[in-house]
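Structural description and commentary
Residues per chain are reported as follows:
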Amino acid sequence: MNDKKIRKLVFTALLAALTCVATMVIQIPAPVSGYVNLGDCVVLLCAFFLGPWYGAAAAGIGSMLADLLSGFALYAPATLITKALMAMVAALLYRALPMKHSALRAAIGGVAAEVIMIAGYFLYGAAIMGSFAASALGVAGNAMQGVVGLVLGVLLAEVLKKTPLWTTI
């Protein structure tokens, strides 16, 4: 295994752990179900820093572990898939969009990712509750989490982009 691949695997593991911690440390209970956290900020960093495949792995695994360790095991399968898709889409858009300004590319990728998060949890909630109406009650909390994650994720990515760490991978 070459040095670059080892570095990428190490950063993937570190960002998975950071995603888990960011999700678990600050948990603000949502009015209906679940909680608002800072995990989406790190999910977006996983996407922008690691790219679509490694970013998806770090985001999905780290977020799923947070659900398992926080007593939300019922949501762990949805979280694994949803957060991995979020990171993959955000990374693909971030890399593919022709805009010169990386913050704009990050914001567009982040918005798409947060829409995936809201839709993913809405559909999973409807499946486990048997009601779209009941699941719709969680949309506002997820949207609030998405906005916080988007703003902080894009700002933090812009700051980190100016450090040597960003070019390490």
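Refer to the structure presented above.
Residue indices begin from 1 for each chain and proceed along its sequence in written order. Totals for whole chains, interfaces and linings use every residue, but because this is a predicted model, local features are given only for residues with pLDDT of at least 70 and side-chain atom pairs only at 80 or more, for both listing and counting. Excluding hydrogens and water, the side-chain values take into account all heavy atoms of the structure.

Each pair of aromatic rings taken from Phe, Tyr and Trp, with Trp reduced to its six-membered ring, is defined by centres within 6.5 Å and is described as stacked if the planes are under 30 degrees apart, edge-to-face if over 60, and tilted in the remaining cases. Counting across every chain of the model gives five aromatic pairs. With a centroid separation of 5.3 Å and an interplanar angle of 80 degrees, the aromatic rings of F11 and F49 are classed as edge-to-face. One end of the pair, F11, is in helix α1 (residues 3-25); the other, F49, is in helix α2 (residues 39-50), with 38 residues separating them in the sequence. Of the two residues examined, F11 and F49, each falls in the buried class. On the basis of an interplanar angle of 35 degrees and a centroid distance of 5.6 Å, the ring pair of F122 and F132 is categorised as tilted. Placement of the pair is F122 in helix α5 (residues 102-129) and F132 in helix α6 (residues 132-136), with a sequence separation of 10 residues. Residue class for F132 comes out exposed when judged on its relative accessible area of 54%. Chaining the aromatic ring pairs together yields one cluster made of Y75, Y121 and Y124. Only Lys NZ and Arg CZ are tested; either one counts as a charge over a ring when it is within 6 Å of the ring centre and within 35 degrees of the ring normal. The side chain of R105 reaches across the aromatic face of Y94, ending 4.8 Å from its centre. Secondary structure follows DSSP: runs of H or I at least 4 residues long count as helices, runs of E at least 2 residues long count as strands, and numbering of each begins at the N terminus. Accessible area is worked out with a 1.4 Å probe on protein chains only. A residue is then buried under 20% of its type maximum, exposed over 50%, and partly exposed in between.

Let us now look at the nonpolar core. To define a nonpolar core, start from buried Ala, Val, Leu, Ile, Met, Phe, Trp, Tyr and Cys residues and group those joined through side-chain atoms within 4.5 Å. L15, F48, F49 and L50 are the most contacted members of the largest nonpolar core, which totals 30 residues. Looking at this core, the elements with two or more residues in it are α1, α2, α3 (52-70), α4 (76-96), α5 and α7 (139-160). By definition in these notes, contact holds between two residues if any of their heavy atoms fall within 4.5 Å. In contact with F49, not counting residues within four places along its chain, are F11, L15, L165, W166 and I169.

It is worth spelling out α3 at this point. The length a helix should cover is 1.5 Å for every residue beyond the first. An ideal rise of 1.5 Å per residue puts 27 Å on 19 residues; α3 measures up with 26 Å between its terminal C-alpha atoms. Turning to α3, its buried residues number three or more, namely P52, G55, A56, A58, A59, G60, G62, S63, M64, A66 and D67. Taken from the residues just after α3, G71 is the one with a positive phi, measuring 90 degrees.

Glancing now at α1. Its 23 residues place the ends of α1 32 Å apart at the C-alpha level, agreeing with the 33 Å of an ideal helix rising 1.5 Å per residue. Within α1 the residues assigned to the buried category are K8, F11, T12, L15, A16, T19, C20, A22 and T23. On its buried face, α1 sits against β2 (35-36), α2 and α3.

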